[in-house]
Amino acid sequence: MLNRRNFLTAAVGVAATAGLAACAKEDGSSSNTSSGGSKTITLGFSQVGSESGWRTANTDSVKSAAKEAGYKLQFSDAQQKQENQISAIRSFIAQKVDVIAFSPVVVTGWDAVLKEAQSAKIPVVLTDRSVESDESLFVALVGSDFTDEGRRAAKILEKVLQKAGHKGKVKIAQLEGTTGAAPAIERAKGFKEVMDAEHKDDWEIVVSQTGDFTRAGGKQVMAAFLQSNPDIDVLFAHNDDMGLGAIQAIEAAGKKPGKDILIVTVDGVKDGFIAMSEGKINAIVECNPLLGPQLMEVVKTVHEGGKVERWIKTKESDFMQDQAKDALPTRKY
Ligand code: GZL
């Protein structure tokens, strides 16, 4: 998994590689001319799927930013299947696109196809999620720090518990994202870091299972949680959509979401803010999906053989329930 230290030390070497890759393509043609003229950049983009409101907003951002930049975008929706992403990347290589970008559905299983892209001298940029691969196989990551989002979720839960006047032990249910996905692994890790450091004696995750980042998954798994653990105090959902599905299950069980069961989620999509304004979600940790403009900047720099930061992070905030109504009109996704 990526971390800042590794990124920064690897930055120079990889940027140079990217520079070579961008200027000396397999067929010997140069992807941009020294006279300053340049052909339209063709970007191959493999998207995870369309599993959540966050993903829809992310796709819209990538497509509109590519249009704005005047790039030719080859877009593929993998329907949350790694094999579809690998096939799409292979097809981009065969088409000899200038740059490949993708949001890897899970962290492992990418080395072979990334090596094929490297052999074809096509630079690869990760967006949103990271991979457990040799870091020389991709040029940069444009995306959030999910471990920090997990820490932020735990810290804002402290405020939620205080505001709710909760005393004593805290029984927590955790709805995990897609098994093996960077945001699921790292949000759980960050949340547990704070728990272990500051709440060893009072917080306990009594049940934890993946809802695959979908509303249907959140609803189904939360219903099962309530059967086995009717005395859950808190739900930490790795994204709004699973939290919104869980709200349906909580209400079906005759409980009040946001009161009987306090809820903290991650993302900050509009429907999450609406639920928060209705008192059904207590706090949201923002994860910004609007990565398109930053991605296109990186694609341009890499294509022109320039240096890029190994990790271009997005700016994000956290929101308590009493901020929801005021924030709603300005939410961009
Ligand atoms: C996070 C992104 C996650 C969102 C989910 O950057 O990968 O995937 O939190 C989405 O909503 O499905």
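Structure's up top.
Read on for an overview of the structure. All values derive from a computational prediction rather than experimental measurement.

What counts, and where the lines are drawn
Residues numbered from 1 in each chain as written. Predicted model: local features only at pLDDT ≥ 70, side-chain atom pairs only at ≥ 80, totals over all residues. Heavy atoms only, no water. Near = heavy atom within 4 Å. Polar contact = N/O pair within 3.5 Å; in protein donor to acceptor, adjacent residues only side chain to side chain. Areas by Shrake-Rupley, 256 points an atom, 1.4 Å probe, with all protein chains shown as cover. Helix = DSSP H or I, 4+ residues; strand = E, 2+ residues; numbered from the N terminus. Phe/Tyr/Trp six-rings, centres within 6.5 Å; stacked < 30°, edge-to-face > 60°. Buried < 20%, exposed > 50% of the residue type's maximum accessible area, 1.4 Å probe, protein only. Lys NZ or Arg CZ within 6 Å of the ring centre and 35° of its normal.

## A word on the site of the ligand
Looking at the ligand, there are 13 residues lining it, with Glu51, Asp128, Arg129, Arg187 and Asp267 nearest. A distance of 2.5 Å separates an oxygen atom of the ligand from a polar atom in the side chain of Glu51. Take Asp267: an N or O atom from its side chain is 2.6 Å from an oxygen atom of the ligand. Calculation on the ligand without its partners gives an accessible area of 320 Å², and the protein chains cover 100% of this total. Listed by contribution, the elements that provide at least two residues to the shell around the ligand are α2 (53-69) and α6 (182-198).

## Looking at the packing of aromatic side chains
Tallying each qualifying case throughout the model produces five aromatic pairs. Measuring from centroid to centroid gives 5.7 Å for Phe45 and Phe75, while their planes differ by 5 degrees, and the two rings are stacked. Here Phe45 is found in strand β1 (residues 42-47), whereas its partner Phe75 is found in strand β2 (residues 72-77), with 30 residues between them in sequence. With relative accessibility at 27%, the residue Phe75 sits in the partly exposed group. Judged by centre distance (4.9 Å) and plane angle (55 degrees), the ring pair of Phe102 and Trp110 falls under tilted. Looking at Trp110, the relative accessible area reads 0%, which means it is buried. Feature note: the residues Phe191, Trp203 and Phe236 constitute an aromatic cluster, connected by ring pairs. A cation sits over an aromatic face here: Lys63 above Phe75, 4.4 Å from the ring centre. Directly above the ring of Trp311 sits Lys313, whose terminal nitrogen or CZ lies 4.5 Å from the centroid.

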